[in-house]
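Residue strings, one per chain:
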Amino acid sequence: MLHDFTSQFWANTVDGLTVGSIYALVALGYTMVYGVLRLINFAHSEIFMIGTFGGLTLIQVVGFDNGPYTGIALVGVLLACLAAAMAASGGAALVLERIAYRPLRRKGASRLAALISAIGASLFLQELFATTVIPHFFGNGGGRDPIHVPDLLKKETLFSIGSGDVRNDKLLIFVAAIIMMIILDRFVNSSKLGRGIRATAQDPETAMLLGVNIDRVVVVTFLVGGLMAGAAGFFFALLYQQTMFNIGFILGIKAFTAAVLGGIGNLRGALVGGFTLGLIENYGGSLFGSQWKDVIAFTLLVVILLFRPTGILGESLQQARA
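The following paragraphs examine the structure supplied in this document.

What counts as what
Residues numbered from 1 in each chain as written. Predicted model: local features only at pLDDT ≥ 70, side-chain atom pairs only at ≥ 80, totals over all residues. Heavy atoms only, no water. Helix = DSSP H or I, 4+ residues; strand = E, 2+ residues; numbered from the N terminus. Rg over C-alpha atoms; globule rule 2.2 N^0.38 Å. Buried < 20%, exposed > 50% of the residue type's maximum accessible area, 1.4 Å probe, protein only. Areas by Shrake-Rupley, 256 points an atom, 1.4 Å probe, with all protein chains shown as cover. Contact = heavy atoms within 4.5 Å. Core = buried A, V, L, I, M, F, W, Y, C linked by side-chain atoms within 4.5 Å. Patch = residues over 30% accessible without salt bridge, like charges linked within 9 Å, V, L, I, M, F, W, Y side chains within 5 Å. Salt bridge = Lys/Arg side-chain N within 4 Å of Asp/Glu carboxyl O. Pairing = 2+ DSSP bridges. Polar contact = N/O pair within 3.5 Å; in protein donor to acceptor, adjacent residues only side chain to side chain. Expected span 1.5 Å × (residues − 1). Bend = angle between axes of the 7 residues up to and from the residue. Axes fitted to C-alpha atoms, helices over the stretch in contact; angles between N-to-C directions. Parallel < 35°, antiparallel > 145°, perpendicular 65-115°, else oblique. Left-handed = near helix turned anticlockwise from the far one by under 90°. Nonpolar A, V, L, I, M, F, W, Y, C, P; charged D, E, K, R; others polar.

Focus: the overall build of the protein
Link 1 in the chain: Along its length, the protein carries twelve helices and four strands.
Link 2 in the chain: Its C-alpha atoms give the protein a radius of gyration of 19 Å, near enough to 20 Å, the size a compact globule of 322 residues would have.
Link 3 in the chain: Dimensions of the protein along its principal axes, counting C-alpha atoms only, are 55 × 45 × 35 Å.
Link 4 in the chain: Looking at the 322 residues of the protein, the share that counts as buried comes to 53%.
Link 5 in the chain: Looking at the protein as shown, the accessible area adds up to about 14,400 Å², and 66% of this sits on carbon and sulfur atoms.

Re the side chain of Gln241
Link 1 in the chain: As for its position among the elements, Gln241 is in the loop between α9 (214-240) and β4 (242-243).
Link 2 in the chain: Residue class for Gln241 comes out buried when judged on its relative accessible area of 18%.
Link 3 in the chain: When sequence neighbours within four positions are dropped, the list of residues in contact with Gln241 reads Ile147, His148, Val149, Pro150, Asp151, Lys155 and Phe236.

Observations concerning the nonpolar core
Link 1 in the chain: Within the largest apolar cluster, 91 residues are counted, with the highest numbers of intra-cluster contacts made by Ile22, Leu25, Phe48, Leu152 and Phe235.
Link 2 in the chain: When residues of this core are assigned to their parent elements, the largest contribution, 16 residues, is made by α9.
Link 3 in the chain: Setting aside residues no more than four positions away along its own chain, Leu25 makes contact with Ala177, Met180, Met181, Met228, Ala229, Ala231, Ala232 and Phe235.

Digging into a nonpolar patch on the surface
Link 1 in the chain: Together, Trp10, Leu158, Phe159 and Ile161 make up an exposed nonpolar region whose accessible area comes to about 370 Å².
Link 2 in the chain: Topologically, Ile161 is positioned in strand β2 (residues 157-161).

What to know about the pattern of salt bridges
Link 1 in the chain: For the structure shown, the criterion picks out twelve salt bridges.
Link 2 in the chain: The partner of Arg268 in a salt bridge is Asp185, and the shortest N-O contact between them spans 2.9 Å. Here the residue Arg268 occupies a position in helix α11 (residues 267-288), and Asp185 occupies one in helix α6 (residues 168-190), the gap between them amounting to 83 residues.
Link 3 in the chain: You can call Arg268 partly exposed: its relative accessible area is 36%.

Some remarks on unusual backbone geometry
Link 1 in the chain: In this structure, Arg38 takes a positive phi of about 55 degrees despite not being glycine.
Link 2 in the chain: Structurally, Arg38 can be placed in the loop between α2 (9-37) and α3 (44-62).
Link 3 in the chain: Taking relative accessible area as the criterion, Arg38 reaches 26% and is therefore assigned partly exposed.

Focus on the pairing of strand β3 (residues 164-167)
Link 1 in the chain: Here β3 shows a clear split, with Gly164 and Val166 buried on one side and none of Asp165 and Arg167 buried on the other.
Link 2 in the chain: Sheet analysis places β2 next to β3, joined by four bridges and oriented antiparallel. Among the inter-strand pairings, Phe159 is bridged to a residue of β3, identified as Val166.
Link 3 in the chain: Remark: two residues form the turn of the hairpin made by β2 and β3, two consecutive strands paired antiparallel; Gly162 in that turn has positive phi of roughly 60 degrees.

A word on the side chain of Asn282
Link 1 in the chain: Residue placement: Asn282 occurs in helix α11.
Link 2 in the chain: A distance of 3.3 Å separates polar atoms of two side chains, one belonging to Asn282 and the other to Lys293.
Link 3 in the chain: For Asn282, the contacting residues outside a window of four places in its chain are Asn12, Asp15, Gly16, Val19 and Lys293.

Re α2
Link 1 in the chain: With 29 residues, α2 extends 40 Å between its outermost C-alpha atoms, agreeing within 8% with the 42 Å of an ideal straight helix rising 1.5 Å per residue.
Link 2 in the chain: Ala27 marks where α2 bends most, by close to 25 degrees.
Link 3 in the chain: For α2, a buried count of 23 out of 29 residues is recorded, marking the element as mostly surrounded by other parts of the structure.
Link 4 in the chain: Phi for Arg38, located one or two positions after α2, is positive at around 55 degrees.

Notes on the packing of α2 against α6
Link 1 in the chain: Viewed as axis vectors pointing N to C, α2 and α6 meet at an angle of 30 degrees, and their least axial separation amounts to 9 Å. Our classification of the angle between α2 and α6 gives roughly parallel. Handedness of the α2/α6 crossing: left-handed. Taking contact as the criterion, the partners of Val14, Asp15, Leu17, Thr18, Ser21, Ile22, Ala24, Leu25, Leu28 and Met32 in α2 are, on α6, Lys170, Ile173, Phe174, Ala177, Met180, Met181, Leu184 and Val188.
Link 2 in the chain: Of the residues that constitute the contact of α2 with α6, the class distribution is 14 nonpolar, two polar and two charged.

What follows is the structure, encoded as structure tokens:
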């Protein structure tokens with residue numbers, strides 16, 4: 001086992017950073033909603049799932065399934081599919097907030113009621129896609145089988161670090177995720193809406209008295225989280241070339257683990273937690289076997305909650321500064 005770990009160290013590092021980028025993007029949605037509303041949005045995993053289908057829909061409708069592409073065509077196709085995935089998830093997040101959470105918030109319902117609503121919305125979206133959306137629009141029988149996502153780019157090794165081959169798709173996912181998270185961090189820390197988000201996270205009553213539109217802040221929070229989840233969904237489909245109705249279930253729990261690991265409610269913590277979880281998961285899989293990856297991730301969640309519930313950075317959204 002130790003020999004496997006040392007011989008595959010760099011390969012596991014590359015894979016860990018790649019999947020960690022996806023975890024981090026999804027974790028941003030959990031951490032933003034929690035930072036503003038103190039709500040764990042367990043339906044966020046289905047927002048991620050919808051993103052995978054958003055990109056796939058554009059591929060099928062426009063006819064992008066004739067790939068792989070190269071050059072300018074590849075850039076255009078990737079950007080178009082990324083935009084479609086983000087739009088699908090962002091729109092779904094807005095609908096989710098409007099239907100599942102806003103009525104409860106306006107009635108002053110407890111956080112437990114909102115949590116139950118989140119779980120119900122998650123199960124509803126899974127079954128909606130399995131029984132209706134997938135069979136009607138993707139022609140996949142009962143809708144519970146994996147769906148293949150066509151190749152958009154030819155996967156090639158660009159360079160190697162030790163035993164780790166850095167493929168073009170993995171490098172693309174890592175770099176794109178970093179850029180998107182930097183943009184989001186600057187948005188929250190520098191823009192007027194970002195200041196409103198931080199003010200609402202710190203003290204919603206005072207923020208409202210000072211003229212902050214709480215409803216708009218909540219909408220923007222869900223929208224931004226949905227956009228990040230949509231991007232993660234597209235990157236996941238690009239990397240693994242498949243999706244299905246419950247693809248977000250396990251990944252969503254892992255992204256939540258990443259958010260807790262980095263510091264729930266902390267944007268930069270989501271980045272740190274995502275990469276840390278991805279690396280630990282892959283290193284552990286090399287030591288104990290790939291079948292233990294999920295066990296390692298969920299054990300890590302329990303350990304974090306027991307010994308450091310505030311996470312690595314332990315800093316909430318309202319404390320973040322440029």
